[in-house]
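# Close look at the chain arrangement
Letter by letter, the chains look like this.
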2 protein chains.
Amino acid sequence: MGDLVPQGRRGDLFDPGCPTRQLLDRIGGKWVAMVITVLAEQGELRFAELERRMPGVSHKMLSSTLQQLVADGLLARRVEPVVPPRVHYQLTSLGRSLEAPLAAIREWAEAHMAEVDLARTTPGPR
Amino acid sequence: MGDLVPQGRRGDLFDPGCPTRQLLDRIGGKWVAMVITVLAEQGELRFAELERRMPGVSHKMLSSTLQQLVADGLLARRVEPVVPPRVHYQLTSLGRSLEAPLAAIREWAEAHMAEVDLARTTPGPR
DNA sequence: CTGGATCCTGGTCGATACTG
DNA sequence: CAGTATCGACCAGGATCCAG
């Protein structure tokens, strides 16, 4: 698609604070894509359920990842005022709109990562 | 020999060593997307030209990023046997195939990062 | 010109323990 | 159950110098 940004400086990755760069920094986080994917599939999950579905994640990382995504407006946080508290997370419409580009990444990875692995393990080119 | 990952679960982000996760770790690197984008536009560039087009990059990071991308089979490295040496880099067909998912990311970012910024700067939930 | 080697710093991530 | 706080390990990233 054409870029509708003035030609002087593309709105690309070349400015500090450009949107693409910021986004990659964000979804490049170790657990971000996993949270989004799991919530895209399950719809709504509680903290402990997320934790259970994400082997290897620590409380701290899950907590901070969720905080970040809520702050970014990608996740909605719903608290049931009971004891013990129940906190539910689900994607916002903004978060769901990320599914498409994330799916593009996933498809590329599944289609081509074998080639990448081959290239990495093959000493010489060709 | 590469060890095969048992495919009991989805090839998603949930196994260590899953393709999507590996890819995100890789293109999440600070300069990777920039190198790919600049080479996608320019076709072929030398080391110093890349450096000039990427403000803020250090020799080391450009060098290591290029090494990584060459090792991954995304870039082709061509050396002119002269002194001083001239080294040219261009995307391989594999590297060019990454343009599409990268464009998807870019489009999402340009379309929605304003909303993300708004969410981040807005104190209360809506 | 290319890019490797070295040293240093800051942020990210993980384990653990604690509060409401 | 949900979330925070603290500590420490690790690594990406940057500056500089050196070599082919």
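In this numbering scheme, every chain counts its residues from 1 along its sequence in written order. As a convention, the first chain written is A and the first ligand written is 1, with the rest following in written order. Totals for whole chains, interfaces and linings use every residue, but because this is a predicted model, local features are given only for residues with pLDDT of at least 70 and side-chain atom pairs only at 80 or more, for both listing and counting. Here the side-chain values reflect all heavy atoms present in the structure, with hydrogen atoms and water set aside.

On a plain count of helices and strands, chain A comes out with six helices and three strands. Expressed as a percentage of its 126 residues, the buried residues of chain A come to 37%. What makes two residues a contact is simply this: any of their non-hydrogen atoms within 4.5 Å. For chain A, restricting intrachain contacts to residue pairs at least 6 apart in sequence, the fraction spanning at least 24 positions comes to 43%. Of the roughly 7,100 Å² that chain A leaves accessible, carbon and sulfur atoms contribute 54%. Starting at the N terminus, helices and strands are each numbered in turn, a helix being any DSSP run of H or I of at least four residues and a strand any DSSP run of E of at least two. Type-normalised accessible area, obtained with a 1.4 Å probe on protein chains alone, sets the label of each residue: buried when under 20%, exposed when over 50%, and partly exposed for intermediate values. Note on areas: Shrake-Rupley, 1.4 Å probe, and residue coverage restricted to the protein chains presented here.

Here we take up the relation of the copies chain A and chain B. Least squares is the method for superposing the copies, and the C-alpha atoms it fits come from residues with pLDDT of at least 70 in both. For the match of chain A to chain B, the screw axis carries a shift of 0.0 Å, the RMSD comes to 0.1 Å, and the turn is 180 degrees. Here the two chains are linked by the operation of a two-fold rotation axis. Ranked by how close their C-alpha atoms come to the rotation axis, the residues of chain A are headed by G28 of chain A, at 2.4 Å. Most of the interface of chain A is mirrored in chain B: 98% of its interface residues are interface residues there too.

Residues and elements named next belong to chain A. At a minimum axis distance of 11 Å, the contact between helix α2 (residues 32-42) and helix α6 (residues 99-121) shows a crossing angle of 110 degrees. Comparing their axes, α6 and α2 come out roughly perpendicular. In this structure, α2 meets α6 at a crossing whose hand is left-handed. Of α6, the residues touching α2 (which contributes A33, I36, T37 and A40) are E99, L102 and R106. Charged residues are taken to be Asp, Glu, Lys and Arg, nonpolar residues to be Ala, Val, Leu, Ile, Met, Phe, Trp, Tyr, Cys and Pro, and polar residues to be all remaining types, Gly included. Its residues assigned to classes, the contact of α2 with α6 shows four nonpolar, one polar and two charged. Between N-to-C directions, angles span 0 to 180 degrees; the directions come from axes that are lines fitted to C-alpha atoms, helices contributing only their stretch in contact. Comment on the angle field: the value is read as roughly parallel under 35 degrees, roughly antiparallel over 145, roughly perpendicular from 65 to 115, and oblique elsewhere. Two helices crossing with the near one rotated counterclockwise from the far one by less than a right angle form a left-handed crossing, whereas a clockwise rotation gives a right-handed crossing.

On to the interface of chain A and chain B. Counting residues at the interface gives 45 residues for chain A, matched by 45 residues for chain B. Note on terms: buried area is the combined drop in 1.4 Å-probe accessible area of two parts once they are placed together, counting the loss on both. Together chain A and chain B conceal approximately 4,300 Å² of surface at their shared face, both sides included; 67% is due to carbon and sulfur atoms. We count a salt bridge whenever a side-chain nitrogen from Lys or Arg sits within 4 Å of a carboxyl oxygen from Asp or Glu. Linking chain A with chain B are two salt bridges. When the shortest N-O distance is used, the salt bridge between R120 of chain B and D72 of chain A registers 2.4 Å. Contacts described as polar in this section are N or O atom pairs within 3.5 Å, which, within protein, must combine one atom able to donate a hydrogen with one able to accept it, while residues neighboring in sequence count only if both atoms come from side chains. The tally of links between chain A and chain B comes to six residue pairs in polar contact (both at pLDDT 80 or more). Elements with a contribution of two residues or more to the side of chain A that touches chain B: α1 (19-27), α2, α4 (59-71) and α6 of chain A.

Before going further, it helps to spend a moment on α2 of chain A. Residues and elements named next belong to chain A. For α2, a buried count of eight out of eleven residues is recorded, marking the element as mostly surrounded by other parts of the structure. Among the residues of α2, V32, A33, M34, V35, I36, T37, V38 and L39 are the ones counted as buried. Immediately downstream of α2, the backbone of G43 shows phi near 85 degrees, a positive value.

Another point: the environment of P85 of chain B. Mapped onto the secondary structure, P85 of chain B falls in the loop between β2 (75-80) and β3 (86-91). Remark: the alpha-carbon pair of P85 of chain B and E44 of chain B, spanning 41 residues in sequence, is separated by 16 Å.

It is worth spelling out the protein's contact with DNA strand C at this point. Taken together, 17 residues sit near DNA strand C, with K30 and K60 of chain A together with Q67, R77 and Y89 of chain B positioned nearest. In DNA strand C, atoms within 4 Å of the protein come 70% from sugar and phosphate. Here a phosphate oxygen of DNA strand C sits 2.5 Å away from a polar atom, N or O, in the side chain of K30 of chain A. Between a base oxygen of DNA strand C and a side-chain N or O atom of K60 of chain A, the distance comes to 2.2 Å. Broken down by secondary-structure element, the contributors of at least two residues to the surface near DNA strand C are α4 of chain A together with α3 (47-53), α4 (59-71) and β3 of chain B. In the surface near DNA strand C, the residues fall into nine nonpolar, three polar and five charged. Whether a residue is near a molecule or strand depends on its heavy atoms: it is near if one of them lies within 4 Å of it.

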